[in-house]
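What the coordinates show
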Amino acid sequence: MKLGRMAVLASSLCKTYQIGDVKVEALKDVNLKVRKSEFAVIRGPSGAGKTTLLNVISGIDKPTSGKIVVFGHDLGSKNEDFLADFRCLNVGFVFQFYNLISTLTVSENVAFPMEWTRKPENHIKQRVEELLRIVDLQHRSNHFPFQLSGGEQQRVAFARALANDPPLLLADEPTGNLDAKTSLKIVRILEKLKDDGKTIVVVTHDERIMRLADQNLYMQDGTLVSL
Ligand code: ADP
Ligand code: MG
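Residues numbered from 1 in each chain as written. Chains lettered and ligands numbered in written order. Predicted model: local features only at pLDDT ≥ 70, side-chain atom pairs only at ≥ 80, totals over all residues. Heavy atoms only, no water.

**Some points on helix α5 (residues 150–161)**
The condition that has to hold: Helix and strand definitions here come from DSSP, where helices need a minimum of 4 consecutive H or I residues and strands a minimum of 2 consecutive E residues; each element is numbered from the N-terminal end. Expected span of a helix, by definition, is 1.5 Å for each gap between consecutive residues, and there is one gap fewer than residues. The buried label applies to any residue whose accessible area, calculated with a 1.4 Å probe on protein chains only, is under 20% of its type's maximum; exposed applies above 50%, and partly exposed to all values in between.
End to end, α5 covers 16 Å across twelve residues, agreeing with the expected 16 Å (1.5 Å per residue, within 8%). Extensive coverage of α5 is indicated by the burial of eleven of its twelve residues. Buried within α5 we find Gly151, Glu152, Gln153, Gln154, Arg155, Val156, Ala157, Phe158, Ala159, Arg160 and Ala161.

**Regarding the layout of surface pockets**
It is the rolling of a water-molecule-sized probe over the atoms that shows where space remains empty. As a reminder, the rule being used: Points on a 1 Å grid, built from protein atoms alone, make a cavity when a 1.4 Å probe fits but cannot get out and make a pocket when they are open with protein on both sides within 12 Å along at least 5 of 7 lines; residues with an atom within 4 Å of a point are the lining residues. Grid points are joined across faces, edges and corners, and a volume is the space filled by probe spheres set on the points. The classification used treats Ala, Val, Leu, Ile, Met, Phe, Trp, Tyr, Cys and Pro as nonpolar, Asp, Glu, Lys and Arg as charged, and all other residues, Gly among them, as polar.
Quantified by volume, the largest pocket comes out at close to 450 Å³. Lining the largest pocket are 18 residues; nearest its centre among them are Arg87, Cys88, Val91, Phe95 and Pro113. Classifying every residue of the lining of the largest pocket gives 13 nonpolar, three polar and two charged.

**Some points on helix α2 (residues 80–90)**
As a reminder, the rule being used: It only takes one pair of heavy atoms within 4.5 Å for two residues to be counted as in contact.
Among the residues of α2, those classed as buried are Leu83, Ala84, Phe86, Cys88 and Asn90. Buried residues along α2 sit in contact with β4 (65–70), β5 (73–74), β6 (91–94), α3 (106–116) and β7 (168–172).

**A look at the site of ligand 1**
Test applied: Nearness here has a simple test: a residue counts as near a molecule or strand if at least one of its heavy atoms is within 4 Å of that partner. Within 3.5 Å is the distance limit for a polar contact, defined as a pair of N or O atoms, with the added protein rule that one can donate a hydrogen and the other accept it, and that residues adjacent in sequence qualify only through two side-chain atoms. Only the protein chains shown count as cover for residues, and all accessible areas are computed by the Shrake-Rupley method using a 1.4 Å probe.
If you check the shell around ligand 1, you find Tyr17, Ile19, Val24, Ala26, Pro45, Ser46, Gly47, Ala48, Gly49, Lys50, Thr51 and Thr52 and nothing else. Backbone polar atom of Gly47 to an oxygen atom of ligand 1: 2.7 Å apart, as the coordinates give it. Ala48 is positioned with one of its backbone polar atoms (N or O) 3.1 Å from an oxygen atom of ligand 1. Bound to the protein, ligand 1 loses 63% of the 560 Å² it would expose on its own. At the level of elements, β1 (6–19), β2 (22–35) and α1 (50–58) are the ones that each hand at least two residues to the shell around ligand 1.

**Here's the deal with the sheet that holds β6**
The condition that has to hold: DSSP calls a pair of strands paired once it identifies at least 2 bridges connecting them. To get an axis, fit a line to the C-alpha atoms, keeping to the stretch in contact for a helix; angles then go from 0 to 180 degrees between the N-to-C directions.
A sheet is described by the order of its strands in space; here six strands give the open sequence β6-β7-β8-β3-β9-β10, paired in mixed fashion. At either margin of the open sheet sits one strand with a lone partner, and together these are β6 and β10 (223–226). Adjacent strand axes in the sheet meet at a mean angle of 20 degrees, parallel and antiparallel pairs treated alike. Pairing geometry for β6 and β7, over four bridges, is parallel. Looking at β7, one finds that Val91 is bridged to Leu168. On top of the sheet, helix α6 (residues 180–195) reaches β3 (39–43), β7 and β8 (199–203); it is set at about 150 degrees to β8, its chief contact.

Here it is, written out as structure tokens:
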């Protein structure tokens with residue numbers, strides 16, 4: 001496989017958490033290849049290491065050993081400044097529990113990654129409007145996260161993740177805490193992103209999301225297998 005076509009290349013990833021005398025091997029020799037524009041789905045029981053793997057792919061967390069290369073960048077060799085910029089430009093991350101900034105409005109949350117990358121104010125304003133239209137939340141732009149339902153907060157999280165139009169989207173159980181009707185909106189957003197050619201890695205047990213997958217993966221006890 002040509003390296004230029006590769007979005008994510010993980011080889012022999014291990015991640016061990018040590019708390020006092022207790023060692024938890026969250027990732028054990030994980031290998032993963034996701035091509036550009038591919039849609040990969042990871043499922044598996046709670047505690048399997050799925051969130052840890054997404055954190056390592058995004059550069060939020062460093063592996064204990066092994067190599068993680070995203071769009072040709074060997075993340076293990078980069079410093080925090082590089083990784084912060086890299087994430088902001090290349091990786092949209094939708095967290096399981098939304099992680100919106102509670103003191104900022106919906107618009108301000110969505111604008112945040114663009115402020116970080118110092119986009120011009122008029123661009124930010126237009127893009128926020130566009131993103132809120134995509135996730136169907138224009139009418140909520142001045143609300144604060146606590147004034148929104150879980151599904152609405154999750155849609156804001158998607159809008160924020162997409163702010164800088166990143167080529168890679170990571171989503172951690174994005175419909176896990178939502179009812180069937182609300183999660184359908186999330187499924188539609190993912191469908192559209194797939195059509196747009198984004199590279200997507202989703203941790204999910206949602207059948208409707210699994211149907212979009214080009215690559216199905218299963219994680220158990222820190223080990224990743226293809227299905
Ligand atoms: P999943 O997302 O599949 O439920 P996680 O990646 O969250 O699994 O966790 C994998 C394992 O690593 C679990 O046993 C969990 O308790 C442990 N773990 C995760 N994060 C930490 C941490 N920051 N410190 C210590 N142990 C952790
Ligand atoms: Mg998890």
